[in-house]
Amino acid sequence: MFSTAHVSKFSADFGKVAKFAPTRSTLPVLGYVLVDAREEGAYLSATDLEQTILIRLDDVKAEQPGGICLPAKTAAALFSMWDEDVLSVELEQRTMKATITDGNGSKSRAELKGLDPQEFPPYRSMLKGDFKPEIVYTVNTAEFKAAIERVAICASTDEARPILTAVHVVQKGDQLTLEAADGFRLGRDAITVTPSNQKIDRVFSACIPAKAMIEISKLAEEEMIQIGFDSREGSQVRFVSGNVEISTVTVEGNYPDVDQIIPKRRPIVATIPTRQFVSAVKRAKVVASDTQIMRLSLNFGTKTATIRTQSEELGNQTEVLNVEKIDTTSEANGASIDIGFNLNFVSQIVGSLGGDTFEIVLIEPTHPALLASEKNPHWLSVVMPMQLL
C-alpha cells in the first residue's frame, strides 16, 4: 500500500489527524482515520461531521492505490512508539486488515483490523483538487494567528447560546474582520486578505466555531493560509495551509450587533505600559484565586494606576503603576475613578497584546471599558465591569 522512511513526521501527522476523531460516536467509523493511498501520494483524514481534517503525506511512497480506515487512537499510539527506520503498511482488501512492518517484518510487525473506506463520510477537498470553492481568500498566517489569539478568547463556551461560541468573520474589500463576544467581553481585530478567484467587492460573512479557528491556528505552518467558501456546499468553510486542510461547519443564526456596546465617548483615556500591567495582574491573581475580582483605580493627578485584589482567606495585594498619560474631558467627575474587572478576562486580553502600551477608555464604574492598542489600530476589546463591594 505505502511506506515511508520519514517515520517521525508520519507519526506526527497521524497524531494531528487522530485528534479530530471523536472517542464516542453513534457512527463507529468516526473513531477511525481514513488512509487513502493514491498514485500521486497518500492522504490522512478524520471527521466528527462538524470538523474535517485532511493531511497530504508528501514523504510517503504509495506503492499501490488502496484505502482503509484505521482505529484512530490505537494506530496513533502505535505509530508514536515506532522506532524503526522504515514504516510500511500493507492492506488486505478482502478482510480490511492492515499489516504494519519495518519493511521486511524482521523486527516489528503489527496487524490492525480496519473498516472499509466506503463507510467514511464523503469529502471533496481543495488539496486533492476535486473541489474548487466559489470564493477563495489568502491571508498571512502570522497575522491570522495573532488575530485569533486576541479574538477567540472572547468567545463563549456556553453551548446554550451557540452563536456566541463562534468567531464572526466578515470580509469587506481587502479587510477580514474577526469578532467574538460572550456577553462579558468583546474582542475585534482585522487583517488584510487577497482574493484568489473573484473580485474584491464580493462580501463574505460567516460565524465559525471558535474552537475550530483555534485548531486551524495551531496547525497552520506555512506562510499563507487559503480560506475557501462555497454556498453549494452549505454552511462550510475550508482552510488550507501547505499540506493541511481543515473544514468546519458554520454556526447558524445572525450574530449580534456588537457595535452598540462599544463605547463612543472617551471622557477618561489612560495609556498604560503593557508589560508592567500584565506582570502586576499576574501577581494580583495569586491572592485573588478565590474571587477573581480586581479593583482598578486611576488617579488623574498622580498619573498612577493601582490594582487591588482581596481575599477573605488569603489576604490582599496592591500594585501601583506609573501610566504614561491620562487624558480627561469635562465629563470626568472628580480626581480619580475606581472600577472592578474580572481578573482572568483582563489578563487574557492584555496578555495577548504586543506593543509597549495600550489604552483603556473609561466612562463610569458601571459602564463597559474599552481597550485599544496604539500598535494595532484594528484591534479593540470591550470588558464589562464587575460590582465592587
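Structural data are supplied above this passage.
Notes on the pattern of salt bridges
No. 1: One pass over the structure, following the stated rule, counts 18 salt bridges.
No. 2: A salt bridge links R56 to D58, with the nearest nitrogen and oxygen atoms 2.7 Å apart.
No. 3: The partly exposed category is assigned to D58, whose relative accessible area is 49%.

Digging into the sheet that holds strand 9 (residues 109-113)
No. 1: Within the open sheet, the five strands sit side by side as 5-1-7-8-9. Their pairing is antiparallel. A strand with exactly one partner marks an edge of an open sheet, and here the two such strands are strand 5 (61-62) and strand 9.
No. 2: Together, strand 7 (87-92), strand 8 (97-101) and strand 9 form the strand contacts of helix 2 (residues 72-80), whose direction differs from that of strand 9 by roughly 165 degrees.

Considering the packing of helix 3 (residues 141-151) against helix 4 (residues 210-219)
No. 1: Packing of helix 3 against helix 4 brings their axes to within 10 Å, and their N-to-C directions diverge by 140 degrees. The two elements helix 3 and helix 4 meet at a crossing, and its hand is left-handed. Along its contact with helix 3, which presents F144, K145 and I148, the element helix 4 presents M213, I214, I216, S217 and K218.
No. 2: Residues that form the contact of helix 3 with helix 4 fall into these classes: five nonpolar, one polar and two charged.

Let's talk about the nonpolar core
No. 1: Counting 116 residues, the largest nonpolar core has F14, F277, F341 and I360 as the members making the most contacts within it.
No. 2: Apart from the residues lying within four places of it in its own chain, the contact partners of F277 are I272, M294, L296, I307, L321, V346, V350 and F358.

Observations regarding the pairing of strand 7
No. 1: As defined by bridge partners, strand 1 (residues 2-4) adjoins strand 7 across three bridges and the pair is classed as antiparallel. Each bridged residue has a counterpart across the sheet, and for T4 the counterpart in strand 7 is L87.

Rules behind the numbers
Residues numbered from 1 in each chain as written. Predicted model: local features only at pLDDT ≥ 70, side-chain atom pairs only at ≥ 80, totals over all residues. Heavy atoms only, no water. Salt bridge = Lys/Arg side-chain N within 4 Å of Asp/Glu carboxyl O. Buried < 20%, exposed > 50% of the residue type's maximum accessible area, 1.4 Å probe, protein only. Pairing = 2+ DSSP bridges. Helix = DSSP H or I, 4+ residues; strand = E, 2+ residues; numbered from the N terminus. Contact = heavy atoms within 4.5 Å. Axes fitted to C-alpha atoms, helices over the stretch in contact; angles between N-to-C directions. Left-handed = near helix turned anticlockwise from the far one by under 90°. Nonpolar A, V, L, I, M, F, W, Y, C, P; charged D, E, K, R; others polar. Core = buried A, V, L, I, M, F, W, Y, C linked by side-chain atoms within 4.5 Å.

That's the geometry; what it means functionally is another story.
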